[in-house]
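Structure assessment
Single-letter residue listing:
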Amino acid sequence: MNFSKVAVDRKVENFLEKCRVDKVKITPQRIEIFRALAATDEHPGVDEVYNKVRPIMPNVSKDTVYRTLSLFEDIGAAIKVEQLCERVRYDADTNEHQHFVCEKCGNVKDFYYSGVMNLFDKKVLDEVGEVKSIALQLRGVCKDCLKKNKK
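Residues numbered from 1 in each chain as written. Predicted model: local features only at pLDDT ≥ 70, side-chain atom pairs only at ≥ 80, totals over all residues. Heavy atoms only, no water.

**Notes on the layout of surface pockets**
- As a volume, the largest pocket reaches approximately 340 Å³.
- Lining the largest pocket are 14 residues, and of these Ile 79, His 97, His 99, Ile 134 and Ala 135 lie nearest its centre.
- Counting residues per element, the lining of the largest pocket draws most heavily on strand 1 (residues 79–81), which supplies three residues.
- Classifying every residue of the lining of the largest pocket by side-chain character gives five nonpolar, six polar and three charged.
- By volume, the second largest pocket amounts to about 250 Å³.
- The wall of the second largest pocket is formed by 13 residues, among which Lys 11, Asn 14, Phe 34, Ala 92 and Thr 94 lie closest to the centre.
- Ranked by the residues each element gives to the lining of the second largest pocket, the list is headed by helix 1 (residues 5–22), at six residues.
- Here the residues of the lining of the second largest pocket are counted per class, giving five nonpolar, four polar and four charged. (1 Å grid on protein atoms, 1.4 Å probe; cavity = no way out; pocket = protein on both sides within 12 Å on 5 of 7 lines; lining within 4 Å. Points joined across faces, edges and corners; volume = space filled by probe spheres on them. Helix = DSSP H or I, 4+ residues; strand = E, 2+ residues; numbered from the N terminus. Nonpolar A, V, L, I, M, F, W, Y, C, P; charged D, E, K, R; others polar.)

Right, dumping it as structure tokens:
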């Protein structure tokens, strides 16, 4: 799903403010790469972001997109969604949420479960160190693929 221009513009403004606060240089390439990432909830990979930005900025390289997405992860402007044995994808939604990965079609869907921290014994977590966040990824078959199989 693509978000409205107003919603994307709001995300871009928040991103620009974050860059100003963190003293991260704002460049036209970074703005367009973030805009491409923020415009969708499909968790695009480097190739998809590159293909979206390239018509707007023909001189942008795939390496620039890769390094910029990595920077976004470093500054907390994006989340890296890693799938076992598959390509890395990115998510501009940095709010606490989890991911469901369809093993048939590869789609990644966000879901929100506020009780994630309650799934773990605090004593066990304290033994490993200070836990700041938990990345929970569920794998299975999405509703769309289940419907296709039933037909």
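**A word on the packing of helix 3 (residues 46–53) against helix 4 (residues 62–75)**
- One way to put it is that helix 3 packs onto helix 4 with a least axis distance of 9 Å and a crossing angle of 120 degrees. As far as their axial angle goes, helix 4 and helix 3 are oblique. The interaxial crossing formed by helix 3 with helix 4 has right-handed handedness. Taken together, the residues of helix 4 that come into contact with helix 3 (itself represented by Val 46, Asp 47, Val 49 and Tyr 50) are Lys 62, Val 65, Tyr 66 and Leu 69.
- By residue class, the composition of the contact of helix 3 with helix 4 is six nonpolar, no polar and two charged. (Axes fitted to C-alpha atoms, helices over the stretch in contact; angles between N-to-C directions. Parallel < 35°, antiparallel > 145°, perpendicular 65-115°, else oblique. Left-handed = near helix turned anticlockwise from the far one by under 90°. Contact = heavy atoms within 4.5 Å.)

**What about the sheet that holds strand 5 (residues 137–140)?**
- Strands sit in the order 4-3-5 across an open sheet of three strands; the sheet is mixed. The open sheet has two free edges, formed respectively by strand 4 (108–111) and strand 5, since each of these has just one partner strand. Taking each pair of neighbouring strands and ignoring which way they run, the sheet shows an average axis angle of 25 degrees.
- In this structure, strand 3 (residues 98–102) lies alongside strand 5, joined through four bridges in parallel fashion. If you follow Cys 102 over to strand 5, its bridge partner there is Gly 140. (Pairing = 2+ DSSP bridges.)

**Description of the environment of Ala 78**
- By secondary structure assignment, the location of Ala 78 is in the loop between helix 4 and strand 1.
- Ala 78 sits in the buried class, given a relative accessible area of 5%.
- In this structure the C-alpha to C-alpha distance between Ala 78 and Asn 95, which are 17 residues apart in sequence, comes to 9.6 Å.
- With residues near it in sequence (within four places) discarded, Ala 78 still touches Leu 37, Phe 72, Glu 73, Asp 91, Ala 92 and Thr 94. (Buried < 20%, exposed > 50% of the residue type's maximum accessible area, 1.4 Å probe, protein only.)

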